[in-house]
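Spelled out, the chains give:
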Amino acid sequence: MEKGKVSPKVNPWALAVLLTGALALSGCAGSGSARQPRKASRPAQASASIPPRYSADVGSGPATPVRAEMPPAQAPMAPARPAMGGTAIGNGPVKVALILPLSGSGQGALVAQSMRNAAELALGDFQDRHLTLLVKDDRGTPEGAQAAADQALSEGAQLILGPIFAGSVQAAGQVAQQAGKPMIGFSSDKAAAAQGIYLLSFMVQAEVDRIIAFAAAQNRRSIAALIPETAYGRVAEAQLREAAAENGIRVVSIERYPAGQPQNAVQRLAPVIGGPNPQAQALFIPDNGDGLPAVAQALQAVRFNPRQVKPIGTGVWDEARVYGLPTLQGGWFAAPDKRGFMEFATRYRARFNSDPVRLASLSYDAVTLAAALARMQGPQGFNDSILTSAAGFAGTDGVFRFNPNGTNDRALTVQEVRGGAAVVINAAPRTLVAQN
């Protein structure tokens with residue numbers, strides 16, 4: 001699709017996904033098997049339950065998915081017409097389901113409402129006349145997700161977006177696979193991914209790979225690690241070992257600690273990361289804003305010097321209360337470029353008079369992608385060869401693509417903690433197509 005042929009009514013933000021989707025389509029034209037080379041997908045690791053801020057999963061059930069650091073999303077302003085067992089947005093010929101825990105427990109319902117609002121915003125920005133979005137409530141349970149998927153497919157859904165929790169993604173995914181329909185879920189648990197069941201989420205594996213490769217490029221050849229004893233920590237540790245081996249980095253020592261209680265682990269690690277000649281050149285800490293203040297205090301007690309041993313982490317560092325910690329100054333972490341989310345949040349606030357939760361951009365991108373593909377090819381645009389194009393798609397949080405095994409790759413920045421802020425020191429790649 002040429003740029004000049006796109007309707008001028010399409011919002012420029014939504015247009016980014018549309019144009020990249022057109023690139024993906026052109027790459028698939030002619031031969032469905034023609035693929036650009038890409039890094040081979042790794043086998044599934046242990047399940048990851050991403051902690052607050054980024055994650056759709058804290059545990060495998062209807063637990064609290066995102067910290068309540070943003071006010072609850074308000075009810076959508078635009079009226080939605082009723083549909084059987086849910087609501088619908090739009091009235092286009094192509095039907096797509098959106099499954100969310102709208103009546104789930106804890107903060108699940110807050111997150112779901114924000115993601116539902118983001119989906120409505122996406123259709124409004126795209127000004128699409130091709131989609132009907134069937135919004136279904138899974139009640140935050142796998143059984144509810146299975147019932148919601150059954151109902152959506154019986155109403156003619158050609159693609160399922162959601163659910164959020166890993167167990168719900170797996171339950172709804174079984175229904176989608178039996179019907180031969182693809183699904184784009186929002187879980188960050190790699191175990192929920194499968195062929196045809198794609199995850200549009202922030203995955204710890206990609207962030208670990210990015211930050212370890214960057215550290216290696218900066219001649220950091222030895223590393224120690226402080227690992228919280230959480231599901232997230234276990235997956236991050238496994239990926240650290242793999243990424244370090246791939247980049248020629250020696251893992252000097254790994255110490256684990258109960259969440260929120262790092263003092264003993266730091267004491268054990270002190271001989272490796274302290275003194276005038278530390279054995280490690282970097283210290284990997286895959287903890288979040290809840291746990292990092294205690295880690296920083298424990299490191300300060302053993303006179304850890306971040307100018308000698310570079311602290312590094314993942315996207316869970318990306319919050320204001322981490323930026324001011326003295327022992328993390330100069331530290332590096334990998335995360336999506338936040339500028340896209342900030343622009344999205346501005347438009348969201350203008351529409352709904354509230355702040356979006358961090359995961360709302362996933363819903364926005366999923367709906368915009370579905371609208372772009374439906375506009376270009378109708379429901380035929382939802383086939384696996386297009387969804388897994390190596391060219392990928394442009395989204396709110398940067399370029400992303402789906403792998404055939406259901407996981408995703410994202411273009412990530414490297415940011416440095418500096419004086420109460422995070423500064424991008426290595427920009428996200430503009431393309432994910434592997435180079436020969």
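Below is a summary of the structure that appears in this document. (Residues numbered from 1 in each chain as written. Predicted model: local features only at pLDDT ≥ 70, side-chain atom pairs only at ≥ 80, totals over all residues. Heavy atoms only, no water.)

## As for the sheet that holds strand 10 (residues 282–284)
Okay, step 1: Strand order in this open sheet of 7 strands is 9-8-10-11-12-16-17, and the pairing throughout is mixed. What marks the edges here is a single partner per strand, and that holds for strand 9 (250–257) and strand 17 (421–426). Within the sheet, the average angular offset between the axes of one strand and its neighbour, ignoring direction, is 30 degrees.
Okay, step 2: Where strand 10 and strand 11 (residues 310–313) come together, 3 bridges link them in parallel fashion. (Pairing = 2+ DSSP bridges. Helix = DSSP H or I, 4+ residues; strand = E, 2+ residues; numbered from the N terminus. Axes fitted to C-alpha atoms, helices over the stretch in contact; angles between N-to-C directions.)

## So, the pattern of salt bridges
Okay, step 1: Counted by the stated rule, this structure contains 15 salt bridges.
Okay, step 2: Here Asp125 makes a salt bridge to Arg347, at a shortest N to O gap of 3.2 Å. One end of the pair, Asp125, is in helix 2 (residues 108–126); the other, Arg347, is in helix 10 (residues 338–352), and 222 residues separate them in sequence. The residues Asp125 and Arg347 share a single accessibility class, namely buried.
Okay, step 3: When salt bridges that share partners are traced, they join Arg116, Glu120 and Arg351 into one network. (Salt bridge = Lys/Arg side-chain N within 4 Å of Asp/Glu carboxyl O. Buried < 20%, exposed > 50% of the residue type's maximum accessible area, 1.4 Å probe, protein only.)

## Remarks on helix 4 (residues 166–179)
Okay, step 1: In a regular helix each residue adds 1.5 Å, so 14 residues correspond to 20 Å; helix 4 covers 20 Å between its end C-alpha atoms and thus fits that length.
Okay, step 2: Of all the positions in helix 4, only Ala166, Gly167, Ser168, Val169, Ala171, Ala172, Gly173, Val175 and Ala176 are classed as buried.
Okay, step 3: Those residues of helix 4 hidden inside the fold are in contact with helix 3 (142–154), strand 5 (159–161), strand 6 (183–185) and strand 7 (197–199).
Okay, step 4: Immediately beyond the C-terminal end of helix 4, within one or two residues, lies Gly180, with a positive phi of roughly 75 degrees. (Expected span 1.5 Å × (residues − 1). Contact = heavy atoms within 4.5 Å.)

## Things to note about the packing of aromatic side chains
Okay, step 1: Considering all chains together, one arrives at 9 aromatic pairs under this definition.
Okay, step 2: A ring pair is formed by Phe393 and Phe400, whose centres lie 5.9 Å apart and whose planes are at 40 degrees; its orientation type is tilted.
Okay, step 3: On the basis of relative accessible area, Phe393 is assigned to the buried category, the value being 0%.
Okay, step 4: Given the relative accessible area of 1%, Phe400 is considered buried.
Okay, step 5: Through a chain of ring-to-ring contacts, the aromatic side chains of Phe341, Phe344, Tyr348, Phe352 and Tyr364 assemble into a single cluster.
Okay, step 6: Above the ring of Phe341, the side-chain terminus of Arg358 is found at 4.3 Å from the ring centroid. (Phe/Tyr/Trp six-rings, centres within 6.5 Å; stacked < 30°, edge-to-face > 60°. Lys NZ or Arg CZ within 6 Å of the ring centre and 35° of its normal.)

## What to know about the sheet that holds strand 14 (residues 398–402)
Okay, step 1: Read across the open sheet, the 3 strands follow the order 13-14-15; overall the sheet is antiparallel. Two strands lie at the open edges of the sheet, namely strand 13 (393–395) and strand 15 (408–410), each paired on one side alone. Direction aside, neighbouring strands of the sheet carry axes that sit 30 degrees apart on average.
Okay, step 2: Sheet analysis places strand 13 next to strand 14, joined by 3 bridges and oriented antiparallel. Within strand 14, the position partnered with Gly395 by the bridge is Gly398.

## Some words on helix 11 (residues 360–377)
Okay, step 1: Compared with an ideal rise of 1.5 Å per residue, which puts 18 residues at 26 Å, helix 11 spans 26 Å between its outermost C-alpha atoms and is within 8% of the ideal.
Okay, step 2: A large share of helix 11 lies buried, amounting to 17 of its 18 residues.
Okay, step 3: Looking at the residues trailing helix 11, positive phi occurs at Gly378, about 70 degrees.

## A few points about the side chain of Thr132
Okay, step 1: Within the element layout of this structure, Thr132 appears in strand 4 (residues 131–137).
Okay, step 2: On the basis of relative accessible area, Thr132 is assigned to the buried category, the value being 2%.
Okay, step 3: A polar contact is formed between the side chain of Thr132 and the backbone oxygen of Gly92, at a distance of 2.8 Å. (Polar contact = N/O pair within 3.5 Å; in protein donor to acceptor, adjacent residues only side chain to side chain.)

## Examining the environment of Val235
Okay, step 1: One can find Val235 in helix 6 (residues 231–246).
Okay, step 2: Note on Val235: relative accessible area 1%, which makes it buried.
Okay, step 3: Sequence separation between Val235 and Gln205 is 30 residues, and the spatial gap between their C-alpha atoms is 7.5 Å.

## Here we look at the environment of Gly289
Okay, step 1: Here Gly289 shows up in the loop between strand 10 and helix 8 (292–301).
Okay, step 2: Taking relative accessible area as the criterion, Gly289 reaches 2% and is therefore assigned buried.
Okay, step 3: Taking the C-alpha atoms as reference points, Gly289 and Tyr323, 34 residues apart in sequence, are found 9.5 Å from one another.
Okay, step 4: Contacts of Gly289, omitting those with residues within four sequence positions, involve Val316, Glu319, Arg321 and Val322.

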